[in-house]
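As a plain string of letters, each chain reads:
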Amino acid sequence: MMIMFRPVGLSKSEESAYLLLLRQGAADPDELVTSLQLDPGHVRRIVKALLRKGFVHHTPPPEERIVPVAPDMVVDHLIRRRHDELEAVRAAARLLAEEARSRSGTRQAGELIEIVSGGAAVGQAFDRLQRTAQRELRVLVAPPYAAPKAENEEQLARLLADGVVCRAVYGTLALADPAIAEGVAACVRAGEQARLAHRIPIKLAVADDSLALLPLSWSDAAHHTALLVHPCGLLDALSALFEAVWDHAVPLSLTPDDRIRPVSTISDEDRYLLSLLVAGLTDEAAAARLGVSRRTVVRRVTHMMDLADARSRLQLGWQAYERGWL
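(A) Quick peek at the overall build of the protein. Helices and strands together make up the secondary structure of the protein, namely 14 helices and eleven strands. Counting all 326 residues of the protein, 38% fall into the buried class. When contacts within the protein are restricted to residue pairs at least 6 apart in sequence, those whose partners lie at least 24 apart make up 64%. As presented, the protein carries roughly 18,700 Å² of accessible surface, and 56% of it is formed by carbon and sulfur atoms.

(B) Here's a closer look at the nonpolar core. One finds L137, Y170, V184, L252 and I260 to be the most contacted residues of the largest nonpolar core, which totals 33 residues. Here the element with the most residues in this core is helix 9 (residues 178–190); it accounts for six residues.

(C) A look at unusual backbone geometry. Residues other than glycine seldom take positive phi values, yet Q37 does so here, at roughly 55 degrees. Assignment of secondary structure puts Q37 in the loop between helix 2 (29–36) and helix 3 (40–53). Classification of Q37 by relative accessible area gives exposed; the value is 69%. Located in the positive-phi region is D208, a residue other than glycine, with phi close to 50 degrees. Within the secondary structure, D208 sits in the loop between strand 7 (204–207) and strand 8 (211–215).

(D) Seen up close, the pattern of salt bridges. What the rule picks out here adds up to 15 salt bridges. Residues R167 and E136 are paired through a salt bridge, measuring 2.6 Å at the closest nitrogen-oxygen approach. In this pair, R167 sits in strand 5 (residues 165–171) while E136 sits in strand 4 (residues 136–141), placing the two residues 31 residues apart along the sequence. A single burial state applies to R167 and to E136, both of which are buried. One salt bridge in this structure joins R138 and E243, with 2.9 Å as the shortest N-O distance. Of this pair, R138 sits in strand 4 while E243 sits in helix 10 (residues 233–248), placing them 105 residues apart in sequence. The class for E243 is partly exposed, based on a relative accessible area of 24%.

Quick notes on the rules
Residues numbered from 1 in each chain as written. Predicted model: local features only at pLDDT ≥ 70, side-chain atom pairs only at ≥ 80, totals over all residues. Heavy atoms only, no water. Helix = DSSP H or I, 4+ residues; strand = E, 2+ residues; numbered from the N terminus. Buried < 20%, exposed > 50% of the residue type's maximum accessible area, 1.4 Å probe, protein only. Contact = heavy atoms within 4.5 Å. Areas by Shrake-Rupley, 256 points an atom, 1.4 Å probe, with all protein chains shown as cover. Core = buried A, V, L, I, M, F, W, Y, C linked by side-chain atoms within 4.5 Å. Salt bridge = Lys/Arg side-chain N within 4 Å of Asp/Glu carboxyl O.

Spelled out as structure tokens, the structure:
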């Protein structure tokens, strides 16, 4: 018979004795010794353990018999007891968390920033950060990657299922890799809010306003050493950095053939106009090429500057490149 009571605390010999009693009915201690083929002292210890754990009861002497308790009654009791124990642990954990948060303002620098060394340790730190997120996970993504793509997708699915909002900004180099682009598409399908930026200033992950993870250096070995940042001014600055990159990044969406692409916010005509201006044509020359008035060109350029939050045409050119309009 398959093992079923080990997870609730029965040893192999205790489980064998209990299953024997279930199959053959109540038995006296001598019958158990014979059936189990164990020495009497060992059987007495097994019976005491089963009594203590609620799997059997016994009738009083002189006709002492060991009687098995119905499995469903035992399991229901154990589940209720385990649930009560876990609820007590949860309540204690919440009190400890509140205490830790109340002390966060007086933490020393060594408590606010942890240095994590080694690829496995960095991966565990990222997993810890993801488990910390209760409301939102924000990431800036660029190579090199610290965790396998498939593993990231599984963790993302769990977070989204728990109602955590996931926002990610990918660098253009990430989408240049077909395998990574496929992974991004899978994340967007799952419910991730994704955007694209031409340049990612640093790899970063932020869980709520509680914890951030970033590499110590921008190199192929970056995922071997990282910083875990707890609530402090640096964490606030990292959160602000993410929001600034997010605000200037281009939303990503899925194409009808299930590929990832930037969401275009300008028309094909405006895209063509931009290409003419970037090529060096004046407003008058661009208007003549398009067959419209110079006033129309100026109006459409102003509209694109508003969309890109650009204060000059130079900024518009840069933002157009960043947003994939060109």
